[in-house]
Amino acid sequence: MELSGAEIIVQALKDEGVKYIWGYPGGAVLHIYDAIFRQDGVRHILVRHEQAAIHAADGYARATGEPGVALVTSGPGATNAVTGIATAYLDSIPMVVITGQVPLPFIGSDAFQEVDITGITRPCVKHNFLVKRVEDIAETLAKAFYIATSGRPGPVVVDIPKDITDPNVKIAYSYPKKVEMRSYKPIVKGHPRQIRKAVDIMLKAERPVLYIGGGVVLGEASEELGKLAEVSGFPVTNTLMGLGAFPASHKQNMGMLGMHGTYEANMAMHEADVLIAVGARFDDRVTGKIAQFCPDATIIHIDVDPASISKNVRVDVPIVGHVKGVLKDMLKTFDEQKSEFNTKALAVWLERIERWRGLNCLDYANSDTVIKPQFAVETLHKVTKDMDFYLTSDVGQHQMFTAQFYPFEKPRRWINSGGLGTMGFGLPAAMGVQQAFPDATVACVTGEASIQMCIQELATCRQWDLPIKIILLNNGYMGMVRQWQEFFYDRRYSHTYVDALPDFSALVESYGHVGMRVDKPADLEAAYQEAFSIKDKLVLVNVITDPEENVYPMIELGKGHHEMFMSPHLSAARELA
Ligand SMILES: Cc1ncc(C[n+]2csc(CCOP(=O)(O)OP(=O)(O)O)c2C)c(N)n1
């Protein structure tokens, strides 16, 4: 088969099994777009801004576990994609981004729409390539997919100069069946001696905690993690990215930890004697002040990425390998040893956790007159809990309220930008999820500031008839920033009031969607019911919420887990344990 460089790109995507590609055309990728036009195996989805192409590919990857693919032109197309690429990088999302580049002879000449995108993205990709010969395109793409999806996943950028996609230059095509790279060999199997050492420590543990992160979701290890929790009886806490990896309703689940984590999870972390971190990376929003982090704990860390080990917090027993395989080996070792956990001590520990749980730290003062954001999320759960449901979010208070109040029972159902915290992520990510699962119900919880960062994608949703439900928790402020200004800047609300808001119903209706507005708590459930009953259209529900509600509990920057503060409502009602 003789193909041009542009045709090779499309054929390679087909050979990788790629179904969708999100993108935006331009001069440097015209040959590629022409090759896309002349085939029907790979479906291209035209977005309205390149950032959204990356977030949509990212949402697709998070929901399916398959790599997301995006295509953008050189220069501004590529720079618009950078926020999306960094978002995927910080959350370890497998993705291949093809960027057009000016023709090879023009590189370095400040040509029209030239940027050094491999230079710009170097710190926020797992790897990137600048392809220089048409003969190298197929192999480079195969390497890109291999790197993106193996080991610790991440985005890979492949920069392709226009002249090597020339339709008049055709070469023989074959796609590599297997990729071998001398310089890249991720460790997949955990060391048996380390696993045994960890097991010995776990068997003697008196106050253990399983701290699980997004790696359990990405590594498809929920089942094994569940078994480990069952066999050991250890309490579990999830990071923001780990929500759903272990069922929220499980009695051993203490909920999320960290800055807005639960009292019981954070106190258990502080008093733990053995911490088993699984696919988690000790992010600063999780650890609080490092010097006070888990002061008494022996720390076991299972992670596929050796660079994550002891990066932020010193680890006693590192185990590098795929979490799924390591957990399987761990379970086998428990079986072989036929040993018993320290059940007596464990019972005392669980009882202590129950006492912390008894504080009911997420309790809030509901209202008959104003919609509390917590109530808005609880009601969303009530209405959607029996559906085949995926929920994306933007960034801010609404994201934290959702993490706290929407109990996720399964992995890959909660899709949000945890590491980079990218406002504008929610709607395009929902597009990727809906494309992957056309029959599922897909919603996006957002804020009135976040939604405006990628609001142009309402057009993409219309073009592709994506019936996403947008739950806009509209408090009139950049709530999360306002909250910090309230606590730490004496209520000087500098530039966080979101003025000149559009009439959201009129706005979405102008795109051909359905708009609704709710401002009374009593009307909320019926409004959601109505919105979710509209199966074939995008609906935006503009939920007017309490403008000054805050997210509690909270650990201030530079404080330890045991120093979190509670809502004034709680502190007034109860004495802390
Ligand atoms: C692209 C980007 N710019 C700025 C921020 C900083 N930031 C974090 S939360 C937030 C406010 C979000 O406001 P809104 O979307 O209305 O959500 P709310 O907090 O009110 O729920 C801002 C500005 C960010 N996370 N991302």
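Refer to the structure presented above.
Keep in mind it's a predicted model, so treat the numbers as computed, not measured.

Another aspect to go through is the sheet that holds strand 12 (residues 274-278). Spatial strand order, 11-10-9-12-13-14: six strands in an open sheet with parallel pairing. Lying at the two open borders of the sheet, with one neighbouring strand each, are strand 11 (253-256) and strand 14 (317-320). Across this sheet, the average inter-strand angle for adjacent strands is 15 degrees, counted without regard to direction. Sheet topology places strand 9 (residues 208-212) next to strand 12; five bridges connect them, and they run parallel. Looking across to strand 12, one finds that Val 209 is bridged to Leu 275. In the packing of helix 9 (residues 222-232) onto the sheet, contacts are made with strand 9, strand 10 (236-238) and strand 12, and the angle to strand 9 comes to roughly 170 degrees.

Evaluation of the coordinates by the stated rule reveals 22 aromatic pairs. Put simply, the rings of Phe 389, Tyr 406, Phe 408, Trp 414 and Phe 532 touch in pairs and so form one group of aromatic residues.

In this section: the side chain of Asn 266. Its place among the elements puts Asn 266 in helix 10 (residues 263-271). Asn 266 sits in the buried class, given a relative accessible area of 0%. There is a polar contact of 2.9 Å between the side chain of Asn 266 and the backbone nitrogen of Gly 258. In this structure, Asn 266 is in contact with Leu 257, Gly 258, Gly 261, Ile 555, His 561 and Met 564, ignoring residues within four places of it in sequence.

Per the counting criterion, the structure on display carries 32 salt bridges. Measuring nitrogen to oxygen at the nearest pair gives 2.4 Å for the salt bridge that ties Arg 62 to Asp 58. With Arg 62 and Asp 58 both in helix 3 (residues 50-64), this residue pair falls four residues apart, about one helical turn. Given the relative accessible area of 0%, Asp 58 is considered buried.

Strand order across the open sheet formed by six strands is 16-15-17-18-20-19, with parallel pairing between neighbours. Lying at the two open borders of the sheet, with one neighbouring strand each, are strand 16 (414-415) and strand 19 (514-518). The sheet contact formed by strand 15 (residues 389-393) and strand 16 spans two bridges and is parallel. Considered in strand 16, the bridge of Leu 391 is made with Trp 414. The strands touched by helix 14 (residues 373-384) are strand 15, strand 17 (441-447), strand 18 (469-474) and strand 20 (539-544); relative to strand 18, the strand with the most contacts, the crossing angle is about 160 degrees.

Procedures and definitions
- Residues numbered from 1 in each chain as written.
- Predicted model: local features only at pLDDT ≥ 70, side-chain atom pairs only at ≥ 80, totals over all residues.
- Heavy atoms only, no water.
- Pairing = 2+ DSSP bridges.
- Helix = DSSP H or I, 4+ residues; strand = E, 2+ residues; numbered from the N terminus.
- Axes fitted to C-alpha atoms, helices over the stretch in contact; angles between N-to-C directions.
- Contact = heavy atoms within 4.5 Å.
- Phe/Tyr/Trp six-rings, centres within 6.5 Å; stacked < 30°, edge-to-face > 60°.
- Buried < 20%, exposed > 50% of the residue type's maximum accessible area, 1.4 Å probe, protein only.
- Polar contact = N/O pair within 3.5 Å; in protein donor to acceptor, adjacent residues only side chain to side chain.
- Salt bridge = Lys/Arg side-chain N within 4 Å of Asp/Glu carboxyl O.

Just distances and angles here, no functional claims.
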